[in-house]
Amino acid sequence: MASFDERTDLSSPAYSLTDSILGRVRGAARKERWGRTFLQIAWTAGPVTYLALQGGYYIGYGKSAPIQVFFYFAGYTVIAAVFALAVRFLYNMTRGSEKDADRLSLQRVFDLLPDRIIEVRDLQLSGLDPFGRKVLGVKYLLENPDAGAEAAATALMDLTGDKEIAAAMRDVEVYRRYGLMVRAQEKSTVLKEHLEQYRDFLASTSEEVSKLVWLRAAGMGPSRRLGRTRTRGFIGRVLAAAEADNLNLMSLVDVEEVCILVFEMICGRRYPYFKLRYYGDKTYTEAARRLSHTRREYRASVFVRNSRIRVLAERLYAASDEKKEGIRGEAKKGRKAIRRVLASFTQIRSARILQEMITEEMARLVTNFNPEKSGKSEIRRIRTLVELYRQLRRSVSRVEKNYQVFRGAWERYARVLEGRNSQVPVRLIKPGESGWGVGLHLRSIGLGHRETLPAARLIEERLEEFSLEHEESNIKANDQKELAVSLLQILERFIPLGETQVQRAIESTNSAYLTNLKRELSHAARESWGLSLVSGVASPVRESIHETLRGLIEFDRLQVREEDIPYLVERFSADPEYLKGLLFEGPGGWMPVFDLPEPPPVPPLPDYPSKAVRKSS
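Computed from a prediction, not measured in an experiment: that's the story for all the values here. (Residues numbered from 1 in each chain as written. Predicted model: local features only at pLDDT ≥ 70, side-chain atom pairs only at ≥ 80, totals over all residues. Heavy atoms only, no water.)

## A word on the overall build of the chain
Keep this limit in mind: Under the scheme used here, helices are H or I runs from DSSP no shorter than 4 residues and strands are E runs no shorter than 2 residues, and both carry numbers assigned from the N terminus. Note on classification: 1.4 Å probe, protein chains only; a residue is buried when its accessible area is under 20% of the maximum for its type, exposed when over 50%, partly exposed between these limits. Should any heavy atoms of two residues lie within 4.5 Å, those residues are considered in contact. A 1.4 Å probe and the Shrake-Rupley method give the accessible areas. Residues count as covered only by the protein chains that appear here.
Within the chain, the secondary structure is distributed over 24 helices and five strands. Relative to its 617 residues, the chain shows a buried fraction of 46%. In the chain, of all internal contacts separated by at least 6 residues, the share reaching a separation of at least 24 is 78%. A total accessible area of about 32300 Å² is found for the chain, and carbon and sulfur atoms account for 53% of it.

## Quick notes on helix H19 (residues 500-507)
The element H19 is largely enclosed, with a buried count of six among its eight residues. By the burial criterion, the buried members of H19 are Val502, Gln503, Arg504, Ala505, Ile506 and Glu507. Residues of H19 that are buried make contact with helix H11 (234-244), helix H12 (252-266), strand E2 (271-279), helix H13 (282-316), strand E4 (437-445) and helix H21 (541-555).

## Here's the deal with the packing of helix H5 (residues 130-142) against helix H6 (residues 149-160)
As a reminder of what qualifies: Structural elements are reduced to axes, namely lines fitted to C-alpha atoms, with helices fitted over the stretch in contact, and the angle between N-to-C directions of any two is expressed from 0 to 180 degrees. In what follows, roughly perpendicular refers to angles from 65 to 115 degrees, roughly parallel to angles under 35, roughly antiparallel to angles over 145, and oblique to any angle outside these ranges. Each crossing gets its hand from how the near helix is turned against the far one by less than a right angle, where anticlockwise is left-handed and clockwise is right-handed.
Running from amino to carboxyl end, H5 crosses H6 at an angle of 160°, the nearest separation of the two axes being 9 Å. As far as their axial angle goes, H6 and H5 are roughly antiparallel. Two packed elements cross with a definite hand, and for H5 against H6 that hand is left-handed. Residues Lys134, Val135, Val138, Leu141 and Leu142 of H5 lie in contact with H6, whose contacting residues are Ala151, Ala152, Ala155, Leu156, Asp158 and Leu159.

## Section: a positive patch on the surface
To keep it simple, the criterion reads: Surface patches are defined over residues having more than 30% relative accessible area and no salt bridge, joining like charges when they lie within 9 Å and nonpolar side chains (Val, Leu, Ile, Met, Phe, Trp, Tyr) when within 5 Å. Here, a salt bridge means any Lys or Arg side-chain nitrogen found within 4 Å of an Asp or Glu carboxyl oxygen. Under the counting rule used here, the positive set is Lys and Arg, the negative set is Asp and Glu, and His together with the chain ends is not counted. A single reference atom marks each charge: NZ on Lys, CZ on Arg, CG on Asp, CD on Glu.
A grouping of Lys275, Arg277, Arg289 and Arg443 is seen on the molecular surface, where their side chains present a positively charged patch. In this fold, arginine 289 is placed in helix H13. What makes arginine 289 partly exposed here is its relative accessible area of 47%.

## As for the pattern of salt bridges
Using the criterion set out here, one finds 27 salt bridges in the structure. The closest approach of N and O atoms between arginine 462 and glutamate 465, which form a salt bridge, is 3.9 Å. Note that arginine 462 and glutamate 465 are positioned in helix H17 (residues 449-469) at a spacing of three residues, about one turn of the helix. Where salt bridges share partners, they join Arg121, Lys139, Glu143, Arg228, Glu256 and Glu257 into one cluster.

## Section: the side chain of threonine 509
Its location among the elements puts threonine 509 in the loop between H19 and strand E5 (510-511). The residues touching threonine 509, leaving out its near neighbours within four places in the chain, are Arg230, Arg269, Tyr271, Pro272 and Pro540.

## Focus on H17
Here is the rule: Given a helix with a known number of residues, its expected span is that number minus one, times 1.5 Å.
Along its 21 residues, H17 runs 31 Å from first to last C-alpha, staying within 8% of the 30 Å computed at 1.5 Å per residue. Along H17, the residues that are buried comprise Thr452, Ala455, Ala456, Ile459, Glu460, Arg462, Leu463 and Phe466.

## Topic: the confidence of the model for the chain
Low pLDDT means the predicted coordinates in that region are not meant to be read closely. So the rule is basically this: As a per-residue measure, pLDDT reflects the predictor's confidence and takes values from 0 up to 100.
Counting all residues, the mean pLDDT for the chain is 76, and 74% of those residues have values of 70 or more. Low pLDDT, under 50, characterises residues 1-22; the stretch is placed with six contacts to residues that sit more than four places away or in other chains.

## Here's the deal with the sheet that holds E4
Heads up, the condition is: By this definition, two strands are paired if DSSP reports at least two bridges between them.
Read from one edge to the other, the open sheet built from three strands follows the order E2-E4-E3, with strand pairing classed as mixed. Each end of this open sheet is capped by a strand with a single partner; those strands are E2 and strand E3 (427-428). Where E2 lies against E4, nine bridges are found, and the strand directions are antiparallel. Bridge pairing in E4 links tyrosine 271 to isoleucine 445. Lying over the sheet, H13 contacts E2 and E4, oriented at roughly 150° with respect to E2.

## Structural notes on the packing of aromatic side chains
Stated precisely, the cut-off is as follows: A pair of aromatic rings is counted whenever rings of Phe, Tyr or Trp (Trp by its six-membered ring) have centres within 6.5 Å, and the orientation is called stacked for planes under 30 degrees apart, edge-to-face for over 60 and tilted otherwise. Put simply, a charge is over a ring when the Lys NZ or the Arg CZ is close to the ring centre, within 6 Å, and near the line of the ring normal, within 35 degrees.
In total, this model carries nine aromatic pairs according to the counting rule given. Between phenylalanine 274 and phenylalanine 572, the ring centres sit 5.0 Å apart and the planes meet at 85°, which makes this aromatic pair edge-to-face. Of the two residues, phenylalanine 274 is situated in strand E2 and phenylalanine 572 in helix H22 (residues 564-572); the sequence distance between them amounts to 298 residues. For the pair phenylalanine 274 and phenylalanine 572, a shared accessibility class is recorded, and that class is buried. An angle of 75° between the planes, with centres 6.3 Å apart, marks the rings of tyrosine 278 and tyrosine 284 as edge-to-face. Of the two residues, tyrosine 278 and tyrosine 284, both sit in the buried class. Through successive ring pairs, a cluster of aromatic residues spans Tyr278, Tyr284, Tyr413 and Trp436. Lying over the aromatic face of tryptophan 214, arginine 199 brings its terminal NZ or CZ to 4.2 Å of the ring centre.

Following this line, the structure appears as structure tokens:
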């Protein structure tokens, strides 16, 4: 047995290197099944070699092989097997240990990412006022497909303060979860009667929460298969924050979305999109490609504008001390109006309305701002708001410019089509067909099999660093934002996330409901749970093909024909009923008039005492 001198330094580099090499040797030795390996060598070198040699020799020479020849081939087989075993042993000592480390990294990512999602959600609640915390907490509870009767009842009790409504919701959920739908519907009728008095209150509080409440009241819960709607523009906001070194350009909602996206990517999810290819003469294809390009650029600038709107709206709604004057006191009325549109919703469906609210609110803030009566924190806050507003103005000017370019490209495309036979529409070109029209080519984005483990290793290193950095300190909002930026930059090494088409392909899909996060789950349980959640989300190819066809009909004058329906259904899982509805659209409803509304402008802010702000700060 080996012994060590008392003076041996177990932490010395030489000892660490020796221990590492011995550890690799032991690991490689454990991977080998020695009994089976030697049995395979003996079987191959003995009976197999003998029978094969005798048969081959007899076929070639018409007689049995000499025993010396058998010894030659048996020795050759044994030596070759020993060399193969040695090479495999060396591989397991080097590359094999790396693969084990990659698999361990993957397990750690499944372990650490859900914890980050929980922390981000809690931080989001801490950044809101008491009522905002109730609204967002209710949203998290009600959108969870696995939420039980108690969770649903707690959410209604927290939001309305009505014990009868909470009890009725509990009854509905109990019967629904046990599949007793007749009783669930009876209880649902009672619940709806009680909820009617809160209809206006729910509608004014949050569009998303109101939908969830009435869905639950009807005896239905969120579908795990359909998934959860993503927050539009989160990838662009996080990348913009990284490029500008300004974390104010993103929010904690974006951090949550990044963590969910990373989780899905590691689970192997892919995101479909369609690449368009135009066929025909040069005049048509150039005009069509120009139209597609300018439309894509316009859409990208609208995404950036909406991101600026959202960040600025969340900043205006940010919680601060009720007792302090300044921004909070002056903005209270406007912030309440903003909350009705913004609170807890995922997409800016009313960007024009929200933009007008922000414009009015910012004008009110700047007009009433008095730096002499404000503290340093409020002065910094007003400076941040003004800078974000200026960025919004710049993004809106880009939208206006791209709008005009898009309109010019559309008018040129319309002239090209009008110069042709008006009875010949743009048609869908299927594989093997010729003519002029547009072809659809399905593509997908995601981590490949060879990219998943390297990405997991990098992600695990960053998550471990984050855990060590905050082991004994409180995690703040900017810490989580920096983590999200790091995670997205890791993904960007493997996927071109900076491209608008890639961002739209990801953000147009629904995400998995990562809501049933339990810290006490084991590594294996979390891995199985994550894979099942992500794989259970329905493929978004159907929604993607519907959206693509709608755009081609609206802008490219595409006509869907009856013979196209079987191909679209079989190839892209399109809805036959939806396609039949498109048969009546196309050239008949297409007019050479650009009816896309012009984007609303953002006026400049009134003058405010910027010199006083700089002096005070």
